[in-house]
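# Overview (structure and organization)
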Amino acid sequence: LLTVPVIARIVSGRLRLEDYQRLLLNLRQQVVEGGRWISRGASNLGQRHEELRSLFIRHAAEEHRDYRMLEENYAATGGERAHIRSAPKNVGSEALSAFMYQAASQPDPVGMLGAMFIIEGLGNKFAGPWAEAIGAQLRLDPSALTFLRYHGENDADHLEMFDRAIGLAVTDPAVADDIVRHARIVARLYRLQLEEIDNV
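Please read all numbers here as calculations on a predicted model, not as lab measurements.

### Some words on the overall build of the chain
- Of regular secondary structure, the chain possesses nine helices and zero strands.
- In sequence order, the secondary structure elements of the chain are arranged as α-α-α-α-α-α-α-α-α.
- Taken over the C-alpha trace, the chain has a radius of gyration of 17 Å; the compact-globule value for 200 residues is 16 Å, and the two agree within 12%.
- Expressed as lengths along the three principal axes of its C-alpha atoms, the size of the chain is roughly 50 × 30 × 25 Å.
- The proportion of buried residues among the 200 residues of the chain is 50%.
- Taking all contacts inside the chain whose residues are at least 6 apart in sequence as the whole, residues at least 24 apart take part in 80%.
- For the chain, the accessible surface area stands at approximately 9600 Å², while carbon and sulfur atoms represent 52% of it.
- Taken as two groups, the 23 positive and 27 negative side-chain charges of the chain have centres that lie 4 Å from each other.

### Details of the pattern of salt bridges
- Scanning all chains against the criterion turns up 16 salt bridges.
- A salt bridge links Arg 9 to Asp 19; the shortest N-O distance between them is 3.0 Å. Of the two residues, Arg 9 is situated in helix α1 (residues 5–12) and Asp 19 in helix α2 (residues 17–43); the sequence distance between them amounts to 10 residues. Here the two residues Arg 9 and Asp 19 agree in accessibility, since each one is buried.
- Put simply, Asp 198 and Arg 9 hold a salt bridge, and the shortest N to O gap is 2.9 Å. Remark: Arg 9 occurs in helix α1 and Asp 198 occurs in the segment after α9 (173–195); sequence separation between them is 189 residues.
- We classify Arg 9 as buried; its relative accessible area is 12%.
- In the salt-bridge network here, residues are joined through shared partners; they are Arg 9, Arg 16, Asp 19, Arg 22 and Asp 198.

### Overview of the packing of helix α3 (residues 50–63) against helix α7 (residues 112–138)
- Where α3 meets α7, the closest approach of the two axes is 13 Å, and the angle between their N-to-C directions is 35°. The interaxial crossing formed by α3 with α7 has left-handed handedness. Facing α3, whose interface residues are Leu 52, Phe 56, His 59 and Glu 63, α7 presents Met 112, Leu 113, Met 116 and Glu 120.
- Residues that form the contact of α3 with α7 fall into these classes: five nonpolar, one polar and two charged.

### Some points on helix α6 (residues 91–104)
- The end-to-end C-alpha distance of α6 is 20 Å, a good match for the 20 Å that 14 residues give at a rise of 1.5 Å each.
- If you check which residues of α6 are buried, you get Gly 92, Ser 93, Leu 96, Ser 97, Phe 99, Met 100, Tyr 101, Ala 103 and Ala 104.
- If you follow the buried residues of α6, they end up packed against α2, α7 and α9.
- One side-chain oxygen of the residue at the start of α6 lies 2.8 Å from the amide nitrogen of Gly 92, identifying that residue as Asn 90.

### A look at the packing of α1 against α7
- At a closest axis distance of 9 Å, the pairing of α1 and α7 adopts a crossing angle of 70°. The pairing of α1 with α7 is recorded here as roughly perpendicular in orientation. Taken as a pair, α1 and α7 cross one another with a handedness that is left-handed. On α7, the residues that touch Ile 7, Arg 9 and Ile 10 of α1 are Trp 130, Ala 133, Ile 134 and Gln 137.
- Taken together, the residues of the contact of α1 with α7 break down into five nonpolar, one polar and one charged.

What counts, and where the lines are drawn
- Residues numbered from 1 in each chain as written.
- Predicted model: local features only at pLDDT ≥ 70, side-chain atom pairs only at ≥ 80, totals over all residues.
- Heavy atoms only, no water.
- Helix = DSSP H or I, 4+ residues; strand = E, 2+ residues; numbered from the N terminus.
- Rg over C-alpha atoms; globule rule 2.2 N^0.38 Å.
- Buried < 20%, exposed > 50% of the residue type's maximum accessible area, 1.4 Å probe, protein only.
- Contact = heavy atoms within 4.5 Å.
- Areas by Shrake-Rupley, 256 points an atom, 1.4 Å probe, with all protein chains shown as cover.
- Lys, Arg positive; Asp, Glu negative; His and termini not counted.
- Charge placed at Lys NZ, Arg CZ, Asp CG, Glu CD.
- Salt bridge = Lys/Arg side-chain N within 4 Å of Asp/Glu carboxyl O.
- Axes fitted to C-alpha atoms, helices over the stretch in contact; angles between N-to-C directions.
- Left-handed = near helix turned anticlockwise from the far one by under 90°.
- Nonpolar A, V, L, I, M, F, W, Y, C, P; charged D, E, K, R; others polar.
- Expected span 1.5 Å × (residues − 1).
- Polar contact = N/O pair within 3.5 Å; in protein donor to acceptor, adjacent residues only side chain to side chain.
- Parallel < 35°, antiparallel > 145°, perpendicular 65-115°, else oblique.

As C-alpha cells, this is what we get:
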C-alpha cells in the first residue's frame, strides 16, 4: 500500500493540496456505498446468523453518514461540494463496489467479514498517522481532517466488533477460507482504488 503514488507522497512529505482533494473525492465515492452494502449483507444473513446480522446492522448505522465528513473536509480545503457529490467512481472504486454488492447479495454472506477487516484495519492502522502527516505538510485547519482522524480513533472499536463477529461466524474451515478469500480480493481492489486516484 505504501508504494501507491498518493500514499507514497503522504509518507515522504511530498503531498500537494490537489492530491489530498483527489483522495477525499475518491474515498467519498466508495464510502457512500459502504453502509448500503453492509445493510444488504445483513438482509441476506439467515436466522442462524441472527446475532451476526445485528452486528452488521449496527456497523451500517454507525458508518452510513461518514461520507458527509469527506464532503466537509473537501469544502474545508477549498473544494466545491457539488463537485465531490457528482464525481463518478474511479475504476478501482467501481470494481470494489461491484464486488461488495455481489458478495452482499449471496445467501449468508459471512465472507464479507474479510472485506470489513481490510477496510477497518486500514483505518485503524493508517488513518491517524496519515491525518497528522497531511495536516503538517499542508498546514490544514483541523476541520479539513475530521474523516481520517475519526477513523484513526474509532476503527479500533470496529475491529473489536469484527473479532466478536469472527467468533460467531467461523463454524468450519470452509467459512474461514471464504473470509480470507474476501479479504484478499478487497485488499487488491482497495489498492487499485487508490492507484486510480492519479488517473482521474
